[in-house]
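Residue strings, one per chain:
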Amino acid sequence: MSCYDHFYGAVLGREYGKGAIAVAKEFKLSPQRFQELQEELNYLKTVREKEVADQIKEARSFGDLSENSEYDEAKNEQGKLYSRIAEVENILGNCVVIEEQEDEGEYVRLGSTVVVLDKEFKEELTYQIVGSQEADPMAGRLSEESPFGKALLGKNKGDDVVVEAPVGVIHYQILDIQR
């Protein structure tokens, strides 16, 4: 069940034209990331929106708007704010919260932490498989949509994984999977 269905009681997608339904991209989120985005949206719509409105009000008091750089800057900030609000609302309106289920078995899935062995360099690496909104490769959080994430999904401990990378084919072995 999508977040949109769960929290707003509506069907995923929007109607455009004569009955055509455009299905938005589905975002997969951990419960923690979902909570973070809800909090960010609340902050943007309450605190930050008031701050930007105050900046615009103050800049208007400086006089001629045609040569008022403070006003231009405040209006740009307002545009960025509304853009981010729309982006977060889109994510929350088209997301699926991935809950852990204990009875699913030991294979790589969204939320798994995977220890792999790089067969060429004999180096152990640890990654967590996350949704695209949470990916941070430098912190070891790989998107399930990335080539490496896709290659790992569904695999079991001991399986060999082949990843097509820009530098060539890379071979890994899964040493451990944790939930």
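Residues numbered from 1 in each chain as written. Predicted model: local features only at pLDDT ≥ 70, side-chain atom pairs only at ≥ 80, totals over all residues. Heavy atoms only, no water.

Moving on, we come to the overall build of the protein chain. Across its full length, the protein chain holds 4 helices and 9 strands. Ordering the α and β elements of the protein chain from the N terminus gives α-β-β-β-α-α-β-β-β-β-α-β-β. Nonlocal contacts in the protein chain, meaning residues at least 24 apart in sequence, comprise 51% of its contacts between residues at least 6 apart. (Helix = DSSP H or I, 4+ residues; strand = E, 2+ residues; numbered from the N terminus. Contact = heavy atoms within 4.5 Å.)

Axis separation between helix α2 (residues 31-60) and helix α3 (residues 69-93) bottoms out at 9 Å; the angle between their running directions is 160°. Here α3 runs roughly antiparallel to α2, going by the angle between their axes. Read as a crossing pair, α2 and α3 show a hand that is left-handed. For the contact of α2 with α3, the class distribution of residues is 15 nonpolar, 3 polar and 11 charged. (Axes fitted to C-alpha atoms, helices over the stretch in contact; angles between N-to-C directions. Parallel < 35°, antiparallel > 145°, perpendicular 65-115°, else oblique. Left-handed = near helix turned anticlockwise from the far one by under 90°. Nonpolar A, V, L, I, M, F, W, Y, C, P; charged D, E, K, R; others polar.)

Residues that lie three or four places apart on an α-helix share one face, since the helix turns once every 3.6 residues. Taking 1.5 Å of rise per residue, the 30 residues of α2 would be expected to cover 44 Å, and the 42 Å separating its terminal C-alpha atoms lies within 8% of that figure. Of all the bends in α2, the greatest measures close to 40° and is centred on Leu 44. Restricting attention to buried positions, one finds in α2 the residues Arg 33, Phe 34, Leu 37, Leu 41, Leu 44, Arg 48, Val 52, Ile 56 and Ala 59. (Expected span 1.5 Å × (residues − 1). Bend = angle between axes of the 7 residues up to and from the residue. Buried < 20%, exposed > 50% of the residue type's maximum accessible area, 1.4 Å probe, protein only.)

Our focus in this paragraph is the sheet that holds strand β6 (residues 123-130). Overall, mixed pairing links the 5 strands, which are arranged β7-β6-β5-β9-β8 in an open sheet. Each edge of the open sheet is held by one strand with a lone partner, namely β7 (141-143) and β8 (160-165). Adjacent strand axes in the sheet meet at a mean angle of 45°, parallel and antiparallel pairs treated alike. The pairing of strand β5 (residues 113-118) with strand β9 (residues 168-178) spans 6 bridges and is classified as antiparallel. Residue pairing for β9: Asp 118 is matched across the bridge by Tyr 172. (Pairing = 2+ DSSP bridges.)

Averaged over all residues, the pLDDT of the protein chain equals 83, while 83% of them reach at least 70. In this model, residues 1-20 is a region of pLDDT below 50 whose contacts with residues beyond four sequence positions or in other chains number 37 contacts. (pLDDT = per-residue confidence, 0-100.)

A word on the pattern of salt bridges. Opposite charge on two side chains lets them pair, provided their charged atoms get close. For the coordinates displayed, the defined rule picks out 10 salt bridges. In this structure, the salt-bridge partner of Arg 84 is Glu 40, at a minimum N-O distance of 2.7 Å. Taken together, the residues span a long stretch of sequence, with Arg 84 in helix α3 and Glu 40 in helix α2 at a distance of 44 residues. Judged by its relative accessible area of 23%, Arg 84 falls in the partly exposed class. A residue is classified by how much of its surface remains accessible, and Glu 40, at 23% relative accessible area, is partly exposed. Its salt-bridge partner being Glu 51, residue Arg 48 comes within 2.8 Å of it at the nearest N-O pair. (Salt bridge = Lys/Arg side-chain N within 4 Å of Asp/Glu carboxyl O.)

By volume, the largest pocket amounts to about 310 Å³. The wall of the largest pocket is formed by 20 residues, among which Ser 30, Pro 31, Gln 32, Gly 111 and Gln 128 lie closest to the centre. Where the lining of the largest pocket is concerned, the elements lending two or more residues are α2 and β6. The residue inventory of the lining of the largest pocket, partitioned by class, reads 6 nonpolar, 7 polar and 7 charged. (1 Å grid on protein atoms, 1.4 Å probe; cavity = no way out; pocket = protein on both sides within 12 Å on 5 of 7 lines; lining within 4 Å. Points joined across faces, edges and corners; volume = space filled by probe spheres on them.)

We now examine the environment of Gln 32. Looking at the secondary structure, you find Gln 32 in helix α2. Separated by 65 residues in sequence, Gln 32 and Val 97 have C-alpha atoms that sit 9.2 Å apart.

Moving on to the pairing of β5. Of all 6 residues making up β5, 5 are buried, and the element is well covered by its neighbours. Pairing analysis gives 6 bridges linking β5 to β6, with the strands arranged antiparallel. Across the sheet, the residue bridging to Val 114 is Tyr 127, located in β6. The turn joining β5 and β6, which pair antiparallel and follow one another in sequence, is formed by 4 residues; a positive phi near 55° is taken by Lys 122.

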